[in-house]
Amino acid sequence: METNELPVDVSAKVTDQHVRVIARLARVFETRLTDESTTLPQFRVLAFLSEGEWAASALAEWLDVSRPSVTALVDGLVERGWVERRESPEDRRRVLHQITDLGRAALASSTECLAAALDGLFDHLDPQDRAQALVGLEVISLAMQRHRTEKHA
């Protein structure tokens, strides 16, 4: 559109194009993270653990994977010194996972890398479209937060 304004259609539905854009963006992120020697699943775990310490069951639920998959993923992060496991003070049978200072540094570096990738894509937009794209990401984040809250209510 020449006015640089997106049409507002409150009945708009998600299309194949929207889904494919997200899939392509995930691939861009996966590719960029190889420069950081990090995978997208590792990034997601570190991001989640940056919010607090969690049991494997919570990690598995949040990542929507099986407990054995989380164990394998976390094992690699523990080997790198990015995550630590410890007994829960309330229940010795329960193991909690927490991000380490090295993990926070890796997360910060990976986040910077992904932000640069997104900035590089957004450099192809005029300022108003760039601002709309950023607002769109904030709205998607809000939807994801609400979804997670509802799912755990």
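For the structure itself, consult the block above.
A.B. asks: Help me out: how do you make sense of the packing of helix 2 (residues 40–49) against helix 5 (residues 101–122) in this one?
C.D. replies: What describes two packed helices is the angle between their axes and the distance between those same axes. Axis separation between helix 2 and helix 5 bottoms out at 10 Å; the angle between their running directions is 120°. For the element pair helix 2 / helix 5, the angle class is oblique. Between helix 2 and helix 5 lies a crossing of left-handed hand. In this structure, helix 2 contributes Phe43, Leu46 and Ala47 to the contact, and helix 5 contributes Gly103, Ala106, Leu107, Ser110, Thr111 and Leu114. A breakdown of the residues in the contact of helix 2 with helix 5 according to their chemical character gives six nonpolar, three polar and no charged.

A.B. asks: Would you mind going over the nonpolar core with me for this structure?
C.D. replies: In summary, soluble globular proteins display a tendency toward joint burial of nonpolar side chains. Formed by 24 residues in total, the largest nonpolar core has its most connected members in Val45, Leu46, Leu59 and Val70. Put simply, the parts of the chain that give this core at least two residues each are helix 1 (16–34), helix 2, helix 3 (56–63), helix 4 (67–79) and helix 5. The dominant element in this core, judged by the number of residues it contributes, is helix 2, at six residues.

A.B. asks: What am I meant to see in the sheet that holds strand 1 (residues 54–55) here?
C.D. replies: Backbone hydrogen bonds hold the strands of a sheet together, and the pairing may be parallel or antiparallel. One open sheet accounts for three strands, arranged 1-3-2; its pairing is antiparallel. The open sheet has two edge strands with one neighbour each: strand 1 and strand 2 (83–87). Where strand 1 and strand 3 (residues 95–99) come together, two bridges link them in antiparallel fashion. Its bridge partner being in strand 3, Ala55 is matched across the sheet by Leu96. Its contacts with the sheet place helix 2 against strand 1, strand 2 and strand 3, and it is angled at close to 95° to strand 3.

A.B. asks: Could you clarify how one ought to interpret helix 5 in this entry?
C.D. replies: Working note: α-helix, 3.6 residues per turn, so residues spaced by three or four point in the same direction. Compared with an ideal rise of 1.5 Å per residue, which puts 22 residues at 32 Å, helix 5 spans 31 Å between its outermost C-alpha atoms and is within 8% of the ideal. Residues of helix 5 that are buried in the fold lie against helix 1, helix 2, strand 3 and helix 6 (127–151). Of the residues flanking the start of helix 5, the one acting as N-cap is Thr100, its side-chain oxygen 3.4 Å from the backbone nitrogen of Leu102.

A.B. asks: Explain helix 6 here, please?
C.D. replies: The terminal C-alpha atoms of helix 6 lie 36 Å apart, and with 25 residues this matches the ideal 36 Å at 1.5 Å per residue to within 8%. Where helix 6 begins, the side chain of Asp126 points an oxygen toward the backbone nitrogen of Gln128, at a separation of 3.1 Å.

Rules of the game
Residues numbered from 1 in each chain as written. Predicted model: local features only at pLDDT ≥ 70, side-chain atom pairs only at ≥ 80, totals over all residues. Heavy atoms only, no water. Axes fitted to C-alpha atoms, helices over the stretch in contact; angles between N-to-C directions. Helix = DSSP H or I, 4+ residues; strand = E, 2+ residues; numbered from the N terminus. Parallel < 35°, antiparallel > 145°, perpendicular 65-115°, else oblique. Left-handed = near helix turned anticlockwise from the far one by under 90°. Contact = heavy atoms within 4.5 Å. Nonpolar A, V, L, I, M, F, W, Y, C, P; charged D, E, K, R; others polar. Core = buried A, V, L, I, M, F, W, Y, C linked by side-chain atoms within 4.5 Å. Buried < 20%, exposed > 50% of the residue type's maximum accessible area, 1.4 Å probe, protein only. Pairing = 2+ DSSP bridges. Expected span 1.5 Å × (residues − 1). Polar contact = N/O pair within 3.5 Å; in protein donor to acceptor, adjacent residues only side chain to side chain.

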